[in-house]
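Residues per chain are reported as follows:
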Amino acid sequence: MSELKTTPEVCGMGHSMKRKEDARFLRGQGKYTDDVVLPGMLHMDIVRSPYAYAKIKSINTDAAMAIPGVHAVITGDVLKQYNLHWMPTLMSDTQMVLPTDTVMYQSQEVAAVIADDRYIAADAVEAVEVEYEPMQAVVDPFKSMQSDAPVLRTDKEGKTDNHIWHWETGDKDSTEKAFQNADVVVKENVYLPRIHVASIETCGCVASFEPAEGKLTVYMTTQAPHAIRTVVALVAGHVGLSEEKIRIISPDIGGGFGGKVPVYPGYVIAIAASVVIGKPVKWVEDRSENLQADSFARDYHMSVELASSSSGKMEALRIKTVADHGYTDAAANPSKYPAGMFSICTGSYDIKNAFTEMDAYYTNKPPGGVAYRCSFRVTEAIHAIERIVDVLAQKLDRDPADLRMQNFIQPEAFPYQSALGWEYDSGDYPRALKLAMDTIGYDDLRKEQAEKRAKGELMGIGLSTFTEVVGAGPSKDFDILGIKMFDSCELRIHPTGKAIARFGTKSQGQGHETTYAQILAEELGIPAAHIQIEEGDTDTAPYGLGTYASRSTPTAGAAAAKAAHKVRDKARKIAAHLLEVSEEDLEWEVGKFYVKGSPEQSKTIQDIAFAAYTNHPQGLEAGLEATHYYDPPNLTFPFGSYICVVDIDPKTAEIKVRRFVAIDDCGNIINPMIVEGQIHGGLTQGLAPAMYEELIYDEDGNILNGNFMDYLLPTAVETPNWETDRTVTPSPHHPLGAKGVAESPTVGAPPAIANAVVDALSHLGVENMDIPITPYKVWQVLKEKGAVA
Amino acid sequence: MSKHTVSIDINGTTVTKEVDSRMLLVHFIREELQMTGTHIGCDTSSCGACTILMNGRSVKSCTLYTVQANGKSVKTIEGMEEGGALHPLQEGFHEEHGLQCGFCTPGMIMRAAELLEKNPNPSEEEIRWGISGNLCRCTGYVNIVKAIQYAAEKMQKEAA
């Protein structure tokens, strides 16, 4: 967006407005779930399995119940009386709330204690005696797929193997033919390990059932409160919880990143406990529980092949993936897309033939497959293509930037139909890459690299030129449990010209209270400072599918614009009445209607709002408000070009990110300050899995790093000073030309870093390294190649 | 469970209460005093969301017992505003967009308060090492560093 349409006082789109929500957070007055205290509230704590796979022979709760202050110990057998011991996952698989006979992963919930305070609850957890009969866990999906592997999901009648689903897309035959006829074929096995979003606030809830009214209120850490309400009604309708009596409140959330989309057993147990006991029950997990039992991300084993002509024209892409989902498929993808938007894997390149297939398996690990600040498996897809493009460049002895330029989808080709079925809305990939190369001084870096290499120094330059796909999504293809993935805005203009707007989404730090107000300010001319934004209370907000997968701006942001347009349509009628002209004689300019050819005759939106309540035309309803449910016509396709420079100490193998330039294009921008902040955070969550994070299990299914002392999040010391810039290619179908941004950098950064490290080692014959790329891994490679003693 | 009477100066007001010997200081602050600006993120003193000042030193209140604060002065995020004016650090975090979800923010600010007390004009490197015991998952630290630089500059001007 080049020019601002509004003044700093109005603060519409394009202004770096300081955030409205900061006022409470800066003073320690944010209200997060664990800050909620209700009269008579009890505390819940959970007994968890020490084994990854075991029969439960007995659970003795006598000693726990004997502790003063303990109200109840809830087991699977208790829930079974209400048929609440199992629940559906968002992928229509099934998951235990509490087990009656078998535990399927380490740290699985086994029983829950309800007590007067958290200390007594913790004592009682220790006092619950569980007798287990351990069984040999199946941890590796390649073992799980063997015909002689034990069948893990014996709860599923007739199940004879551990296979969950097969998914494929693309033209298998034409792809096969293109591979047969290709001059050059490269192939790599690329693994994206299991990681965890690890938001600094863990998950939890306060469930409060009021027996007299039969009303359930749940304060919970959820990114999708409306969907949760419907799920609770569907799962617990048979015990009398009817949807109009369920209120989900998502208060301030301390980071989500996808980990607060699923329904975890702890929520359900707390709700059940509150209903049974008739008092509010608080459950907040600790960090170990969060890392060890909540949904993981990634865990894709990909076999990636790329075919090209000898001149470097990419002809065909083929990817075969094994997905480890743990003991149940508890991902949070749209129903028709069990592997999310993995089919974006042709990336930014014009590849005419592509085929991808995937098989998902059960193992004795925690369930999941959710996002880690990534929209539906895009990170996995982009890592595969961006790595294999570098492998091809190495094979052809071509510069990786040059090879990318040759194969980009060209700006005039948009809207572009990809081989795997997407219609990319807009893009200008060469411009973004050129800006990145100019910013970082690419040619000089290559010269420096050659000089250093001659001296035995290790320096690498890595590129990633990715395309994202966000904004799910159009109702013809996108739903979760059948609920279409629209989103909503309900807008009310007050008599004094101020406004309140409520949304079906839920911010977890993205700054919606500021950016949504700016969208409405842009469309109505009411100062953003005078527009109150609310989300997260299902009793007051319009229905929506929530905030994840960078969907809020593409869906709810568009709904805000559309609701404002409806308000403007009515405002025009009122203005015509006030000015005694016909509607057609009026022109809109930000904040007012004026008479064509006579601009001194005008009515501001504030004049019109007052008249809507004090002097509305006869025959027109009083008031000035509108609701819009926005069903996007297409997804949006943000993109970017990243270049990373690393230096590796040849003796210690320490990897230092010297520079990282990120050029992002997310279409028109609502608030540049917030967009840049989102990119900083996303890049850091790209750095994290590229160099530090992985959930590690031993062969018995024991987690080896299930706490923050062992699971390494980058600190300010490891995180480089990100250099960001942008190009702007508006989305042609979004009312604001915006695309969504928060996840692009998490998608784009890991391959840039991996490519840089591999580039530093390529002259030694290194073609691929799996992330996280640690100094130890690099040292092993150096040793193997004889580069260190 | 044995009980102890503790007397602690919290943000300038002395509080005297009877507590269990095992009650963690963070729970005392959050649950006994209902001051919920101090957060819990990890239980292993790794994340710093619970950072407060005790006798002027930044400490992680999730790994201290309440009884260890007996007779000492404690400052939390709720005590940073003075006379209705934001502390320069609070102002800096707002101006430089140094916070997103806000969960790590109170701990970051309390840690930075001691950092600037000891080193009023820190380099970027010193700031990064200085806050390396506090994790943020949202911001990538770039703007947190800028926020602390903003506060350092303002506090130096005020002191001059």
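Residues numbered from 1 in each chain as written. Chains lettered and ligands numbered in written order. Predicted model: local features only at pLDDT ≥ 70, side-chain atom pairs only at ≥ 80, totals over all residues. Heavy atoms only, no water.

(A) Representation of the domain arrangement of chain A. Residues and elements named next belong to chain A. Assigned domains of chain A: these are domain 1 (22-30 + 487-630), domain 2 (33-135 + 203-284) and domain 3 (296-472 + 634-784). Here domain 1 and domain 2 have C-alpha centroids that lie 40 Å from each other. On the side of domain 2, 23 residues touch domain 1, which itself brings 21 residues to the contact. Together, Gln508, Thr538 and Tyr543 form the three largest contributors to the area buried by domain 1 at its contact with domain 2, with a combined 39%. The interface formed by domain 1 and domain 2 includes four salt bridges. (Domains from an automatic or database assignment. Contact = heavy atoms within 4.5 Å. Buried area = accessible area lost by both parts, 1.4 Å probe. Salt bridge = Lys/Arg side-chain N within 4 Å of Asp/Glu carboxyl O.)

(B) Broad picture of the sheet that holds strand 11 (residues 204-210) of chain A. Residues and elements named next belong to chain A. Overall, mixed pairing links the seven strands, which are arranged 3-7-1-14-11-12-13 in an open sheet. Two strands close off the open sheet at either side, each with one partner strand: strand 3 (70-75) and strand 13 (246-249). Along the sheet, successive strands turn relative to each other by an average axial angle of 20°, direction set aside. Examined bridge by bridge, strand 1 (residues 42-48) and strand 7 (residues 109-115) share six bridges and lie antiparallel to one another. Bridging from a neighbouring strand, Ile46 pairs with Ala112 of strand 7. Running over the sheet, helix 4 (residues 118-127) touches strand 1, strand 3 and strand 7 and is turned about 25° from strand 1. (Pairing = 2+ DSSP bridges. Helix = DSSP H or I, 4+ residues; strand = E, 2+ residues; numbered from the N terminus. Axes fitted to C-alpha atoms, helices over the stretch in contact; angles between N-to-C directions.)

(C) Structural context of unusual backbone geometry. Here the bond from Phe414 of chain A into Pro415 of chain A is cis, since omega is -5°, no more than 30 degrees from zero. Mapping Pro415 of chain A onto the fold places it in the loop between helix 11 (400-407) and strand 19 (416-417). In this structure, Pro772 of chain A follows Ile771 of chain A across a cis peptide bond, with omega equal to -5°. If you check the backbone angles, Asn11 of chain B has positive phi at about 50° while not being a glycine. Structurally, Asn11 of chain B is set in the loop between strand 1 (3-10) and strand 2 (13-20). Although it is not a glycine, Asp43 of chain B adopts a positive phi angle of roughly 70°.

(D) Summary view of the nonpolar core. Residues and elements named next belong to chain A. By size, the foremost hydrophobic cluster in this structure holds 121 residues, and its most contacted members are Leu317, Phe342, Phe660, Leu761 and Val778. When residues of this core are assigned to their parent elements, the largest contribution, eleven residues, is made by helix 10 (residues 378-396). Judged by nonpolar contacts, the second largest core, of 63 residues, contains Tyr105, Ile195, Ile200 and Tyr372. (Core = buried A, V, L, I, M, F, W, Y, C linked by side-chain atoms within 4.5 Å. Buried < 20%, exposed > 50% of the residue type's maximum accessible area, 1.4 Å probe, protein only.)

(E) Here's a closer look at the packing of helix 15 (residues 552-579) of chain A against helix 16 (residues 605-614) of chain A. Residue and element names in this part refer to chain A. Close contact between helix 15 and helix 16 brings their axes to 9 Å; oriented N to C, the two are set at 90°. Between helix 15 and helix 16, the angle falls in the class roughly perpendicular. Here helix 15 contributes Ala571, Ile574, Ala575 and Leu578 to the contact with helix 16, which in turn contributes Ile605, Asp607, Ile608, Ala611 and Ala612. (Parallel < 35°, antiparallel > 145°, perpendicular 65-115°, else oblique.)

(F) Representation of the interface of chain A and chain B. Listed per partner, the contact involves 52 residues of chain A and 46 residues of chain B. Summed over both sides, the interface between chain A and chain B buries roughly 4,300 Å², with carbon and sulfur atoms accounting for 56% of that surface. It is Leu26, Tyr119 and Ile200 of chain A in chain A that bury the most area against chain B; as a group they hold 19% of the surface buried on that side. If you look at where chain A meets chain B, you find six salt bridges. The residue Asp34 of chain A makes a salt bridge to Arg30 of chain B at a minimum N-O spacing of 3.4 Å. On the surface where chain A and chain B come into contact, there are 26 residue pairs in polar contact (both at pLDDT 80 or more). Looking at the side of chain A that touches chain B, the elements with two or more residues in it are helix 1 (22-26), helix 4 and helix 17 (672-691) of chain A. The leading source of residues in the side of chain A that touches chain B is helix 17 of chain A, at nine residues. Partitioned by chemical class, the residues of the side of chain A that touches chain B number 22 nonpolar, 17 polar and 13 charged. (Polar contact = N/O pair within 3.5 Å; in protein donor to acceptor, adjacent residues only side chain to side chain. Nonpolar A, V, L, I, M, F, W, Y, C, P; charged D, E, K, R; others polar.)

(G) Examining the packing of helix 10 of chain A against helix 18 (residues 744-761) of chain A more closely. All names here are of chain A. Here helix 10 crosses helix 18 at 30°, and the two axes come no closer than 9 Å. Regarding the angle of helix 10 to helix 18, the classification is roughly parallel. The interaxial crossing formed by helix 10 with helix 18 has right-handed handedness. The segment helix 10 lies against helix 18, with Val378, Thr379, Ile382, His383, Glu386, Arg387, Asp390 and Gln394 engaging Thr746, Val747, Pro750, Pro751, Ala754, Asn755 and Val758. A breakdown of the residues in the contact of helix 10 with helix 18 according to their chemical character gives seven nonpolar, five polar and three charged. (Left-handed = near helix turned anticlockwise from the far one by under 90°.)

(H) A look at the environment of Leu704 of chain A. Residue and element names in this part refer to chain A. Its location among the elements puts Leu704 in the loop between helix 17 and strand 33 (723-726). Judged by relative accessible area, Leu704 falls into the partly exposed class, the value being 48%. Residues Leu704 and Leu403, spaced 301 residues apart in sequence, show a C-alpha to C-alpha distance of 41 Å. Beyond its immediate sequence surroundings of up to four residues, Leu704 is in contact with Ile696, Tyr697, Asp698 and Asp710.

(I) The state of the cysteines, seen in detail. Counting across every chain of the model gives zero disulfides over all chains. Unpaired in this structure, Cys374 of chain A has its nearest cysteine sulfur neighbour in Cys345 of chain A, at a distance of 13 Å. Cys47 of chain B takes part in no disulfide bond, and the closest cysteine sulfur to it belongs to Cys42 of chain B, at a distance of 3.8 Å. Note on Cys47 of chain B: relative accessible area 2%, which makes it buried. (Disulfide = S-S within 2.5 Å.)

(J) Highlighting the pairing of strand 1 of chain B. All names here are of chain B. Relative to strand 2, strand 1 runs antiparallel, the two sharing eight bridges. If you follow Ser7 over to strand 2, its bridge partner there is Thr16. Here strand 1 folds back onto strand 2, and the loop between the two strands holds two residues, one of which, Asn11, carries a positive phi near 50°. Of the pairings in the sheet, the one linking strand 1 to strand 5 (residues 73-75) comprises two bridges and is parallel in character. Note on strand 5: the bridge partner recorded for Ile10 is Val74.

(K) Representation of the packing of aromatic side chains within the structure. Residues and elements named next belong to chain A. Throughout the structure, instances matching the rule amount to 23 aromatic pairs over all chains. Aromatic side chains Tyr424 and Phe637 sit 5.0 Å apart centroid to centroid with 20° between the ring planes, which places their arrangement in the stacked category. Here Phe637 lies in the loop between strand 30 (625-630) and strand 31 (639-648) and Tyr424 lies in strand 20 (residues 423-424), a separation of 213 residues in the sequence. Each member of the pair, Tyr424 as well as Phe637, is classed as buried. Ring geometry for Tyr429 and Phe639: centres 4.9 Å apart, planes at 75°, overall edge-to-face. Placement of Tyr429 in helix 12 (residues 429-440) and of Phe639 in strand 31 is noted, with a sequence separation of 210 residues between them. (Phe/Tyr/Trp six-rings, centres within 6.5 Å; stacked < 30°, edge-to-face > 60°.)

(L) Region of interest: helix 14 (residues 512-524) of chain A. Residue and element names in this part refer to chain A. When the terminal C-alpha atoms of helix 14 are compared, their 18 Å separation across 13 residues agrees well with the 18 Å that a helix rising 1.5 Å per residue should span. Within helix 14, twelve of the 13 residues are buried, leaving the element largely enclosed by the surrounding structure. Here helix 14 has its buried residues at His512, Thr514, Thr515, Tyr516, Ala517, Gln518, Ile519, Leu520, Ala521, Glu522, Glu523 and Leu524. Taken from the residues just after helix 14, Gly525 is the one with a positive phi, measuring 80°. (Expected span 1.5 Å × (residues − 1).)

(M) Fine view of the domain arrangement of chain B. Residues and elements named next belong to chain B. We note that the domain assignment places domain 1 (3-79) and domain 2 (88-159) within chain B. Each of domain 1 and domain 2 has a C-alpha centre, and these two points are 22 Å apart. The interface is formed by 18 residues belonging to domain 1 together with 13 residues belonging to domain 2. It is His39, Thr51 and Ile77 that lose the most area in domain 1 upon contact with domain 2, and together they represent 38% of the buried surface on that side. Our enumeration of links across domain 1 and domain 2 arrives at zero salt bridges. Scanning the region where domain 1 abuts domain 2 turns up seven residue pairs in polar contact (both at pLDDT 80 or more). Where the side of domain 1 that touches domain 2 is concerned, the elements lending two or more residues are strand 3 (51-54) and strand 4 (57-60).

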